[in-house]
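Report on the structure
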Amino acid sequence: MPDGNVLVVDDDDSIRRLLMEYLQERAALHVDGARDGVEALHQVSTHAYDVVILDLMMPYMSGIDFLLSLDALMSDPSVKSLEDAPAVIIVTSAPQEDVSADDLQHRFPSFVHGVLRKPVDFGALATRVESLLP
């Protein structure tokens, strides 16, 4: 797996740590973690990430709210502060009928590059991350 910067955003500490450890062990990746969308938004505003692995259902700021804020940071001239948006991989326990991968990719085509369901297939996630690194 190539070098890169990855942010794992999940309010479940054990899932976040497992994902971070797996990605760090698999390759020369720099992996950070965030507990919710608010913390993640701060981190993407202050650090350049190639990939964000994002849970949708979190306290304080949901994954959808994070994506809306990321869109504003990229496109709204009054708050534009990011030059390059990270690729986002959604990881959710929500069933397909409640959270459609097609709907998310259509709504956020510049960001969302896949939706994986929990329990996460770590190998599939690592392959997806690798495909999105520069």
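Look above for the structure.
A short tour of the structure in this document, coming up. (Residues numbered from 1 in each chain as written. Predicted model: local features only at pLDDT ≥ 70, side-chain atom pairs only at ≥ 80, totals over all residues. Heavy atoms only, no water.)

Let us look at the sheet that holds strand β5 (residues 112-117). Pairing between the strands of a sheet is mediated by backbone hydrogen bonds and can be parallel or antiparallel. Pairing is parallel in the open sheet, where five strands are placed in the order β2-β1-β3-β4-β5. Here the strands that pair on one side only, and so sit at the sheet edges, are β2 (29-34) and β5. On average, each strand axis in the sheet is inclined to that of its neighbour by 20 degrees, with strand direction left out of account. By the bridge criterion, five bridges tie strand β3 (residues 51-55) to strand β4 (residues 87-92) in an arrangement that is parallel. Bridging from a neighbouring strand, valine 52 pairs with valine 88 of β4. Its contacts with the sheet put helix α2 (residues 37-46) on β1 (4-9), β2 and β3, and the angle it makes with β2 is roughly 140 degrees. Packing of helix α5 (residues 122-132) onto the sheet brings it into contact with β1, β2, β3, β4 and β5, and relative to β4 it is tilted by some 165 degrees. (Pairing = 2+ DSSP bridges. Helix = DSSP H or I, 4+ residues; strand = E, 2+ residues; numbered from the N terminus. Axes fitted to C-alpha atoms, helices over the stretch in contact; angles between N-to-C directions. Contact = heavy atoms within 4.5 Å.)

As a further point, take the side chain of threonine 92. Inspection of the secondary structure puts threonine 92 in strand β4. Using a relative accessible area of 0% as the deciding quantity, one classes threonine 92 as buried. There is a polar contact of 3.0 Å between the side chain of threonine 92 and the backbone nitrogen of alanine 94. Ignoring sequence-local partners within four residues, the contact set of threonine 92 consists of Asp55, Leu56, Met57, Val115, Leu116, Arg117 and Lys118. (Buried < 20%, exposed > 50% of the residue type's maximum accessible area, 1.4 Å probe, protein only. Polar contact = N/O pair within 3.5 Å; in protein donor to acceptor, adjacent residues only side chain to side chain.)

Residues lysine 118 and proline 119 are joined by a peptide bond in cis, for which omega reads 0 degrees. The residue tyrosine 60 is not glycine, and still its phi comes out positive at about 70 degrees. Tracing the chain through its elements places tyrosine 60 in the loop between β3 and α3 (63-75).

For the rest of this paragraph, the subject is the environment of valine 51. In this structure, valine 51 sits in strand β3. The contacts of valine 51, once residues within four sequence positions are left out, are Asn5, Val6, Leu7, Pro86, Ala87, Ile89, Val129, Leu132 and Leu133.

Before going further, it helps to spend a moment on the pattern of salt bridges. For the structure on display, the rule yields four salt bridges. Between aspartate 13 and arginine 16 there is a salt bridge; the shortest N-O distance is 2.5 Å. Residue aspartate 13 and its partner arginine 16 are both found in helix α1 (residues 13-26); the two are separated by three residues, about one turn of the helix. Given the relative accessible area of 36%, aspartate 13 is considered partly exposed. (Salt bridge = Lys/Arg side-chain N within 4 Å of Asp/Glu carboxyl O.)

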